[in-house]
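A closer look at the structure
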Amino acid sequence: MRDRLEKMLNVEILDIEETDDKIVVYVPADKVRIAVGSGGAAVKAAELVIGKKIEVRAKE
């Protein structure tokens, strides 16, 4: 799943936390904007494919 998310969000993923209803994805602080996409489009598209809510957080 990590490789799939990296391709969809177009950023390096540093860490992933998965719960029953959502996935928290940690990316480099300067890449959060890319991972979220314009108006949240990248995250919304990834959520549809994965089938869970995705939250993007910065990590140093």
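One can find the structure itself at the top, above this paragraph.
Just so it is clear, the model here is predicted, and its values are computed rather than measured.

**Details of the packing of helix α1 (residues 2-9) against helix α3 (residues 41-50)**
With their axes 9 Å apart at the nearest point, α1 and α3 run at an angle of 145° to one another. In this structure, the crossing between α1 and α3 has a hand that is right-handed. Judged by residue contacts, Arg-4, Leu-5, Met-8 and Leu-9 of α1 engage Ala-42, Val-43, Ala-46, Val-49 and Ile-50 from α3. Looking at the contact of α1 with α3 residue by residue, the classes come out as eight nonpolar, no polar and one charged.

**Overview of the sheet that holds strand β3 (residues 53-59)**
Two strands in a sheet stick together by hydrogen bonds in their backbones, pointing the same way (parallel) or opposite ways (antiparallel). Pairing within the open sheet is mixed, and its three strands lie in the order β1-β2-β3. Each edge of the open sheet carries a strand with a single partner, namely β1 (15-18) and β3. Within the sheet, the average angular offset between the axes of one strand and its neighbour, ignoring direction, is 20°. Bridging between strand β2 (residues 22-28) and β3 involves seven bridges; their strand directions are parallel. Considered in β3, the bridge of Ile-23 is made with Ile-54. On top of the sheet, α3 reaches β2 and β3; it is set at about 130° to β3, its chief contact.

Rules and cut-offs
- Residues numbered from 1 in each chain as written.
- Predicted model: local features only at pLDDT ≥ 70, side-chain atom pairs only at ≥ 80, totals over all residues.
- Heavy atoms only, no water.
- Axes fitted to C-alpha atoms, helices over the stretch in contact; angles between N-to-C directions.
- Helix = DSSP H or I, 4+ residues; strand = E, 2+ residues; numbered from the N terminus.
- Left-handed = near helix turned anticlockwise from the far one by under 90°.
- Contact = heavy atoms within 4.5 Å.
- Nonpolar A, V, L, I, M, F, W, Y, C, P; charged D, E, K, R; others polar.
- Pairing = 2+ DSSP bridges.

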